[in-house]
Every structure is written in structure tokens, then in C-alpha cells.
Amino acid sequence: MAFPVIRRSAITELLFTVVIALASVKTVRSQDAPQSLPLSDSAIFHPSVRSDLVISGVRPHLTTYGIYSQQGAHLKAGHNECGIGAVVPWADRLWMVNYAPHQPRGSEHKLYSVDRDFKLTIYPESVGGTPAGRMIHRESKQLLIAHYLIDASGQVRVIPIEKMPIRVTAITRHLVDPANKVYYIDMEGSIWEANVHTLEVTRLFKKPVPGWHGKGAYVSQGRLVVSNNGEHAAGTYDDLLVGGHPTNDEERGVLAEFDGKDWRIIERRQYTDVTGPAGIAGGSDGDDPIWAIGWDRRSLRLKVLDGGTWSTFLLPKASFCNDARHGWYTEWPRIRHITENRLMMDMHGMFFDFPKSFGAKDSSGIRPIASHLRYVPDFCDWNGNLVLATDETSIQENPLAGQPQSNLWIGDYEDLKSWGPASAYGGPWIEDEVKANSPSDPFLVAGFDQRLIHLATGRISQAATEDAFRATGTQKITSLPAVLKSLPRVSIDRGDWQQPAAGFEFDVDVPVKVFLAVDRRGDPQLADEWKLTDLSLTWHWSGDHHDAIYVCEFPAGRIRIPGNSTEHKPGSFGMPHLAFVQSNDGRGDVPVQVKAVGKATVTMPETAPKSGVSNGPVVFTLEIDRQGDGNWTTWKQITVPAKGYISNLLPTDFDAVWLRFSTNRDCIATAYLHQTASHFADGTKSENQQLFAGLAEVGDTTALGARVYAAKRNRNLRVVTSDDRWFDFNRDFEFKADEADPKLDKLLQVEPEFTVDEASVILRHHGVNLRLPKGDAAYDRPFAAGWPRATREVESERHLANIHGTFYEVPLVTNGAPPAFNLMRPVASHRKQITDYCSWNGLLVLSGVRSDAASDGHVFADANQKTALWFGGIDDLWKLGKPIGHGGPWRNTSVKAEAPSDPYLMTGYDRKTVELSHQSAEPVSIDLQIDLNGTGLWVDYQTLDVPPGKTITHHFPTGFSASWIRAKTDRDATATVWLSYE
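Note on numbering: residues in each chain are counted from 1, in written sequence order. Local features are withheld for residues below a pLDDT of 70 in this predicted model, meaning they are given only at 70 or higher, and side-chain atom pairs are given and counted only at 80 or more; totals for whole chains, interfaces and linings count all residues. In computing side-chain properties, one takes all heavy atoms of the structure into account and sets aside hydrogens as well as water.

A. Structural context of the overall build of the chain. Under the scheme used here, helices are H or I runs from DSSP no shorter than 4 residues and strands are E runs no shorter than 2 residues, and both carry numbers assigned from the N terminus. Within the chain one finds 4 helices and 73 strands. We compute the radius of gyration from the C-alpha atoms alone; for a globule the expected value is 2.2 Å times N to the 0.38, where N is the number of residues. The C-alpha atoms of the chain give 29 Å as radius of gyration, which agrees with the globular expectation for 982 residues (30 Å, within 12%). Expressed as lengths along the three principal axes of its C-alpha atoms, the size of the chain is roughly 85 × 70 × 65 Å. Here, two residues are considered to be in contact whenever any of their heavy atoms come within 4.5 Å of each other. Long-range contacts, defined here as pairs at least 24 residues apart, represent 68% of the contacts in the chain between residues at least 6 apart. To be clear on the numbers: accessible area is Shrake-Rupley with a 1.4 Å probe, and residue cover counts the displayed protein chains and nothing else. Carbon and sulfur atoms form 48% of the exposed surface of the chain, whose accessible area is close to 35,600 Å². His residues and chain termini do not enter the charge count, which takes Lys and Arg as positive and Asp and Glu as negative. To locate a charge, the coordinates of NZ of Lys, CZ of Arg, CG of Asp or CD of Glu are taken. Side-chain charges in the chain split into 101 positive and 119 negative, and the spacing between the mean points of these groups amounts to 2 Å.

B. Geometry of the sheet that holds strand 15 (residues 223–228). The strand order 14-15-16-17 describes an open sheet built from 4 strands, whose pairing is antiparallel. The open sheet has two edge strands with one neighbour each: strand 14 (214–220) and strand 17 (263–267). Within the sheet, the average angular offset between the axes of one strand and its neighbour, ignoring direction, is 25°. Only strands joined by at least two bridges in the DSSP assignment are considered to pair. Relative to strand 16 (residues 254–258), strand 15 runs antiparallel, the two sharing 5 bridges. Across the sheet, Asn228 pairs through a bridge with Val254, a residue of strand 16. The axes are straight lines fitted to the C-alpha atoms, using for helices just the contacting stretch, and the angles between their N-to-C directions are given from 0 to 180°.

C. Highlighting the nonpolar core. The definition of a nonpolar core used throughout is a set of buried Ala, Val, Leu, Ile, Met, Phe, Trp, Tyr and Cys residues joined through side-chain atoms within 4.5 Å. Residue burial is assigned from relative accessible area. The probe radius is 1.4 Å, only protein chains are included, and a residue is buried under 20% of its type maximum, exposed over 50%, and partly exposed in between. Ranked by size, the top nonpolar core spans 56 residues in total, and within it Leu416, Leu717 and Phe871 carry the most contacts. Not counting residues up to four positions away in its chain, the partners in contact with Phe871 are Ile55, Leu717, Phe729, Phe733, Trp840, Leu843, Leu844, Val845, His858 and Phe860.

D. Inspection of the pairing of strand 63 (residues 843–847) at higher detail. Counted residue by residue, strand 63 has 5 buried out of 5 residues, so it is predominantly covered. Residue alternation in strand 63 divides its side chains into two sets, Leu843, Val845 and Ser847 and Leu844 and Leu846, and both sets are buried. Inspection of the sheet shows strand 62 (residues 836–840) paired to strand 63 by 5 bridges, in the antiparallel sense. In the sheet register, Tyr837 faces strand 63, and the bridge partner there is Leu846. Between strand 62 and strand 63, which follow one another and run antiparallel, lie 2 residues, and Asn841 among them has a positive phi close to 55°. Examined bridge by bridge, strand 63 and strand 65 (residues 867–872) share 3 bridges and lie antiparallel to one another. Paired with Leu844 across the two strands is Gly872, which belongs to strand 65.

E. Inspection of unusual backbone geometry at higher detail. Look at Gln71: it is not a glycine, yet its phi comes out positive at around 55°. Its relative accessible area of 15% is what places Gln71 among the buried residues. Its identity as a non-glycine residue notwithstanding, His348 has a phi of 50°, on the positive side. Considering the arrangement of structural elements, one finds His348 in the loop between strand 23 (343–347) and strand 24 (350–354). Classification of His348 by relative accessible area gives buried; the value is 1%.

F. Here's a closer look at the packing of aromatic side chains. To pair, rings of Phe, Tyr and Trp, with the six-membered ring standing in for Trp, must have centres within 6.5 Å; the planes then decide the type, stacked if under 30 degrees apart, edge-to-face if over 60, and tilted in the middle. What the rule picks out here adds up to 39 aromatic pairs. A connected cluster of aromatic rings, assembled from ring pairs, spans Phe727, Phe729, Phe733, Phe735, Trp840, Phe860 and Phe871. Two thresholds decide whether a charge sits over a ring: the Lys NZ or Arg CZ must be within 6 Å of the ring centre and within 35 degrees of the ring normal. Its guanidinium or amino end placed over the ring of Trp978, Arg891 lies 4.1 Å from that ring's centre, counting from NZ or CZ.

G. Structural view of the sheet that holds strand 37 (residues 512–519). Spatially, 33-34-38-39-37-43-35-45 is the arrangement adopted by the 8 strands of the open sheet, whose pairing is antiparallel. What marks the edges here is a single partner per strand, and that holds for strand 33 (469–471) and strand 45 (601–603). Across this sheet, the average inter-strand angle for adjacent strands is 35°, counted without regard to direction. When strand 35 (residues 489–491) meets strand 43 (residues 578–583), the two strands line up antiparallel, connected through 2 bridges. In the sheet register, Arg489 faces strand 43, and the bridge partner there is Phe580.

H. Spatial organisation of the environment of Ala671. Locating Ala671 in the fold gives a position in strand 50 (residues 667–676). In sequence terms Ala671 and Leu843 are 172 residues apart; their C-alpha atoms lie 40 Å from each other. The residues contacting Ala671, other than those within four sequence positions of it, are Gly427, Pro428, Trp429, His454, Leu455 and Phe661.

I. Inspection of the environment of Gly574 at higher detail. In this structure, Gly574 sits in the loop between strand 42 (572–573) and strand 43. On the basis of relative accessible area, Gly574 is assigned to the buried category, the value being 0%. Through-space distance from the C-alpha of Gly574 to that of Gln525 is 12 Å; in sequence the pair is 49 residues apart. Beyond its immediate chain neighbours, meaning those up to four positions away, Gly574 contacts Arg494, Ala501, Asp519, Arg521, Asn564, Thr566 and His568.

J. Examining the pattern of salt bridges more closely. Counted as salt bridges are all cases of a side-chain nitrogen of Lys or Arg within 4 Å of a carboxyl oxygen of Asp or Glu. Taken as a whole and judged by the stated rule, the model has 57 salt bridges. Among the ionic pairs, Glu193 bridges to Lys181, the shortest N-O distance being 3.6 Å. A residue pair is termed long-range when its members are at least 10 positions apart, and Glu193 in strand 12 (residues 191–195) and Lys181 in strand 11 (residues 181–186) qualify at 12 residues. Each of Glu250, Glu267, Asp296, Arg297, Arg298, Arg301, Lys303 and Asp432 takes part in one network of salt bridges that share partners.

K. Fine view of the side chain of Ser319. Checked against the element boundaries, Ser319 lands in the loop between strand 21 (309–315) and strand 22 (335–337). Any pair of nitrogen or oxygen atoms within 3.5 Å is treated as a polar contact; in protein, a donor-acceptor pairing is required on top of that, and neighbouring residues in sequence qualify only through side-chain atoms on both sides. Of note is the side chain of Ser319, whose polar atom sits 3.1 Å from the backbone nitrogen of Cys321. Beyond its immediate stretch of four places on either side in the chain, Ser319 contacts His348, Gly349, Glu809 and Arg825.

L. Structural view of the side chain of His830. Its location among the elements puts His830 in the loop between strand 61 (825–829) and strand 62. At a separation of 2.9 Å, a polar atom in the side chain of His830 contacts the side chain of Asn802. Here His830 is in contact with Tyr779, Asn802, Gly805, Thr806, Phe807 and Leu880, once residues within four sequence places are set aside.

M. Representation of the pairing of strand 52 (residues 717–721) in the model. Within strand 52, 5 of the 5 residues are buried, which leaves the element mostly enclosed by the surrounding structure. The alternating pattern of strand 52 places Leu717, Val719 and Thr721 on one face and Arg718 and Val720 on the opposite face, and all of these are buried. What sits between strand 51 (residues 706–710) and strand 52 in their antiparallel hairpin is a turn of 6 residues. In terms of strand pairing, strand 52 meets strand 53 (residues 726–729) through 4 bridges, oriented antiparallel. If you follow Leu717 over to strand 53, its bridge partner there is Phe729. Where strand 52 folds back onto strand 53 in an antiparallel hairpin, the turn is made up of 4 residues, including Asp724, whose phi is positive at roughly 65°.

N. Representation of the environment of Glu108 within the structure. Tracing the sequence through the fold places Glu108 in the loop between strand 3 (93–98) and strand 4 (111–114). Glu108 sits in the buried class, given a relative accessible area of 11%. The spacing of Glu108 and Ser69 is 39 residues in sequence and 7.8 Å in space, taken between C-alpha atoms. Excluding residues within four positions of it along the chain, Glu108 makes contact with Gly66, Ile67, Tyr68, Ser69, Lys76 and His79. Reaching out from Glu108, the side chain makes a polar contact with the backbone nitrogen of Tyr68 at a distance of 2.7 Å. A polar contact is formed between the side chain of Glu108 and the side chain of Ser69, at a distance of 2.7 Å.

By themselves, these are just geometric observations and shouldn't be taken as functional.
Structure (C-alpha cells):
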């Protein structure tokens, strides 16, 4: 059947305006904290706001929200996110949609357009949901975006969401009937067909390939290619046409293709965008190349289908915010046209120039532009401007924001170059089994200023186990008691985490002891025969989940393991139990035969040594492709000792596009690069100093400190000054006095999150001390207004930390869990008295303004109320000042021989020196070790002999970079290892 056109008549416009206007005169109760106080009269929601403001490329009046039925309040479940999933110029307007976190059957999220005068229109045809798919269908001259079809005059039709209840993640051309039909791709994995004229829809596949966070799709060379960037099961694998459960921790997500008849898995890795030269047209009916971008634990993966053959290229990662196994924090990185002749790729916190000609035989032209903090689901060119969509303020597991909201950044391509440095990290191998004379995939080295290669052989990580999983094929075990390592394991698939975890059965041929790993979350209870041991294991790639280990004895025969029906939070159930089986002969020496029953899986431990363990030195051959034309020449050979490490700085005049590696023997090898920029944003430049001039310096005794919070009860910013006065800062950028809210006051309390000793700043992370450089000594103690806030989620699902005068980006691994400080990177150092920060209306908000600061376009001050705040863009932070600092793991510290110090942050800093001394009467050798990527890949950098009474200074070579550094001595001593980053 055909669905009627829904036209925006004058009556429709009028009715929609009236509804919004009526809503604006109602008062809602405070929901900023549980059972908070009623609103004052000043908190009435006003939808009509000033539209003249432009702050760092952001127009606050274009902010989008998740709730539109409650007079500006956020009081509805399932609407905890509202990232802008797609932006497309069409019909003389910019069109966009925002999304809920998981609403395949619709939500209050909207279809919007922006005209040339930046007037925002919200369409009453909106059905919401979780959309990011968009395509321009050239034959019918329609923009297809989410469930909407928009013709050349701007008329909107809608595929009813109840007819196609999916989270639209991509839309592509059709293989058989491209003039009339398209494919819609669902985040859950289903694939639908729709007629663009009649809007008739048909589900073609329920879930043809594995993975659980569908992303991109594109058609060319007679095939449909789809991607998926997650492996967090949200259902079963029962409907798959190819593939199945992951068989190891590397198998996450998928890149797959369909030729109209059969499905084929290209690669079991996490992939996001799939596109080609035709871009938003959804594909080609001819033989255009197809590009797909993804990643693994080593690097970014760029695959190209050229002439019917897939090729792989590798690129470094600027940020580790996107690496979670479930894929939720990656959203929709893209390759898109941003002008008629320029393409840009955004992936893992870095913008790259991307050539339209990219293919297997012409791979030149990719260059880093800049790194960024903004969370960018889509971008485009519009009226000569670059437009970045954003996923900004989310309230999923984020109690320090009351209402999700996102906005656009509108600026110029050249503006990006003033953002973060073009620094990124990765390589082809991390402790990989490598075959002799087998070249790695090409790795990008073009466009970076300083390039350092780390080469190592043998196992160098601190990992306690290999390829052991908490459930069948998922959730890597990161530490395992030695007594359990050699035992057979019995597991079951995790299944839908929104349902109780299943139990399982297995048979044994002799009496056994069963050690049972039990997810501690929610405190599940076992029958009395299970006895708690003092053993435990950890799992999850961050190692932040801990299991208790129970034991029980069983006779030969069938053993039944109970399920886990415990919720660790509403709607989220714990992991299934994991059994380790030991024969019960007193010593565990008698072999036991374990046979799975039903859906259980038995995994036998590895007893033989890895074939790749090398007993001698390894010769690494480095080859280069100078032009990106596939012609490889040998550049250098480097010999690395067995279980050894060597670093090599590429010369500044090194001229090549791609680099690849091979070895002369089978071995376990690491080849990992730190590629860094020689220039950082200059905080001393007059324009950058002026940008932040309104912020108080650390010595200012009259700073206007405040705590800030994106309100839940309305769309304002709630402000609590350091002298306990309360304001609503509204969307007209005015301070309005408000009543105190004790519950919100408690929620916003700031406690110190770090300590300081003589050597450095100390963070406690998963039971380990991580040490950071110090800034001004004033940060050792609270300001007059109290402790400044240290960590906070600002962009959706990623944290900032403002610690001792430096802002850091800190990746989030799990919503509600502490961020991954081991993967942090510095953004900027400063001497400002910043007391709190948040995102609001698409802007970064900083408190701690000078008491005499006047409104200047970034500072908004109210002299009568004696309060002020600073507003800008999130990527303005790079201009605050180059990352610097001083400190170290030891300062006059009593240390034991061969005991490693705490890790001290090294990544992201420029000029580096270290001073070493001790108080012993005899010489002391101090071994400096570096962690290559923040995950415990420790190698010996250099050993320095320090005479008594002397200070040895070591200057790290320009361009030298590692994630963390630590030290150990050859004898007990009182030692100092002091680093200066300038």
C-alpha cells in the first residue's frame, strides 16, 4: 500500500506553534535530583530564545533535545541521549535527525532543518527512534534520512515506524532495482527493502551476520557490504546465515558482503563506515571502489574493495575513547565529502584528509589534519561551511547532567588545524605470532612530523592468561589464579544481557572439584554446598570486573551449573558462571574427560609452548612505499635480541606514505609506532590568551567559583556559586536567581580525586598508583572556593579530567564505571582557577571567572549578581596551553632493589628530560622502563649508572614518545627520578 504525503500546511505550522507556545506557560517540578524542590517562577521554560549568539562556531539556539512534550523538562525514560546522527544539505536547507539510545519503535527525538538564516524548524512528522542513516536517491530526487523521505521541495513523507521498527543506521542503493528501491540497515542486524515511491517495506534478513552494533553499508561492484562495530550480545546467534560466536578475543563486530545470493564474512573485526566515491548517494551501480574503516587492538583498519579484491591498510589512533568491545562509544565515524573536491575521514579522535582516488593501486593522499575532543557522528559541507554534528551531553550513567542535548559546530576546514596536535599511536603487531618473511599490512607514516618505531620480541605484557574468556568467546579474562590456568573450562554463551544468564551441564568421567567463577555484581547467592575460596579472577579488557571463586566436589557423571538471575542494575543481568574442572584425587593429577552437554562449551588449556617463541635474535626488515603505488623497497634492517627491545626514530626527511615490517624467523613480535606533531597550539599567542583572559589565575583571591549542571527540570544551566547562591542561567544567557536545592547540592559536591606527594600527582586506578606531572604548587590544596572538580563526562561517553593544572582526555570503558586513566592523554596545561566545567547547549562551560571580568563573547557576566561563567567550544581547550609539567615516580624515595616504581605519564608531551640521583655511598644503576601503549607493554628503555653524589641528566631524543615510564634500581636506595616536560 502507498502512504499519503504529510504536508506542512499553514494550519499544521500554526497548530505546532500553538502547542509549543502553550507548553511554555506551564511550570514543572524540579527533577534535577530525586524529590527536589518545586521550581521558582524564574524557572518557567521559554522556547523562544535569542538566536544571535555565535560562540566558537556554536549557535546555542540550534541545540537539540530528547524530550519535547514536557515544557523543557526531561522526565521520560528511554530518552537519555540525543546525539545528532545525520546532517545533510538538501532542498536549500540543512536537515538533521537526533537519536535515542535504544528506541527502535520511536521516541520524541526529531527531524529538523536549518535555513540559510539559521532558523531551526522542528517537524511534527517526527517519529524519533535511533537513526543515523542517510542517502540521496538520485532517480526519485529524494533525501532519505532515518524513516523520512524528503523531496526536492522539502515535502516530508514518513515510513511508519511500526511498519519498520528498526534503528536505521545506514541506507544504500539496491542491487537489483536501484531506481525504485533501497536497503535500510538496522543496528540489530536486520536488513530491509523499501520502495521509495510507495513506501512499501519488506524485511529481507533478520540477522544474516554476527555482531551487535550495526553501522555502515554501501553498494558497488555488484555487492552489498555491511559493517558492525560491536560484540556485546543483545540476542542470540540463531538466525545467522554465516559466521557465529567469536572464537577468540580478536573476533569482534564484522565486515561482510552479500552478492544478491550468498553472504560472506570479510573480516571479524569492528567496522563502522562503509562508503565510496559516490558517498551519500549510497553506492554505485558500477565498479567504484568501496572503503570501510574499522579497528582492532593495534590500529585503525582501512579496507578497500578495488577490482573485486579486498586490500587492508593500517592507520594510527589519536584517541582510545572508541575502543570498547561493545562499540557503543564509536557511533558513526565517517568518510565524507566536505567540499566539491575534498573528502575527510574522522576516526578515533582524528580528522584525516582522504583522497577521492584512494584505491589499492593509488593509496597516496591520506594525511592527518588534527585530533579532536568533539564526539562527531556526522559532518558535511553546507553553504561553504564545514558542519560537524555532535553527541554532546548524555545522561546515561552520567548523574552530573540532567538533560541530554547536542548541537552543531559550523566553521571552516582551516579551523580544524588549530585544534589538537596530529599525534597518533599504533602498529601492525602487538605480541603477535609472526611467520618468517611474511610482510605486515601497510601502516601510514605520511603527514606526521616525528615518527618513533618501537620493536620488541617475545611476550612483554603483564597479562596473566591468553585467550581465556569469561563466557563462550566473549569478555577476555585478564588475570587468572595459577591453580586454574591448567584446568579445562566449561562456559556458555552470554546471551542477551537484559535476560538472566543461563545455566549449563557437562559430564565428567571421574570425581572432580569444580571451581566456579561468579560475577560479583549484584551479589548472587549459590547453594550451601558451594564454598567460597580466597581465589578471584578479573575480566573485561580494562580488567575492572572481579569474580569470586567458589568450589564444590562432584562424583563422576553429569554436573549441573546454575544460572545467574541476579541484576546488577535494573534491566542488566550478570554474567553466566564459568566452571574450572579438576580431578578429585587429592593432587589433580588424574586426567579428567569433560564433555559438554547442550549449549555448553569446553575449552582445554594450552599445554604446549607457543610455536612463535623465539630463542634467538630477530631481524626486522622495514620496507617503504614511497608514492602509495604499491612499489615496495627495503629501507632498513634492525636486529632485536631475543625477548629484547629497540626503538628507532625515523629521520625528519623520511619520505614515504606507507611502512611495513617482516621478520627473518617465526617469532612473537611487536612493531608499534608513536607518531607525533612538532607543534602544539600555542597558549602564549595573543588571540589564545584573549580567548581565556576572563578566567582567573591561580593566585587570584576573588575568583567567581561555581558548580554547574545542565538542568533536568528545564533547559537552563543550574549554577551554584562558591558562596552558596543559586541561579538559573537561561537560554537568553541571563542569570536568574533561584532557590537552593539540597539534593542537587549534595549531588554536585566536589571531593578530591587525587593526592600529591613530593614526587608527583597520584591517581588510584584499579588498585594501582598512576602518577601524573605537577603544575603550579597552588593546585596542591583547594582554592578558597574549595577543591576544583577533577573528572567529569563532558562529551557523551568520554571524560575530561582537570588535574593539577592540566586538562586530560580520559576514555570511558563502561558507563557508570571509572574511566580508563591508563589510556589518558593530556590536552592542555594552564594556570587558571577553573572550579567546575560541563557541556550545555553545545558549549563547554567553565567556572572560575575573574571577579572584574566583563562580558566579551566568551565570558557572560552579571555585575549586579556578582557572578559569571566562560563559554566556548570543547576543542578550544587545545589553545589553553601546551601540555607541560614536572615530577616523577620518585623524589628522595626509599626504594627496594628490582622493585618497579609506579607508572608516570609520558604520552602527549613534547620536550622531555629526566634527572636521576640517589643518596647511597655506592653507585646505583637505575633502569628506565616504558609502557608502549598504556596496557602494560613494559620494555627496558635504558639503564643509567648514577655515581654517588651526582645527578645524571638524560635528554630524550626529539620525538621520543611512550605511554608511561617507570624506574627500578639494582640495589636498595633513596632515589630521585625527576622528569621535566617543557
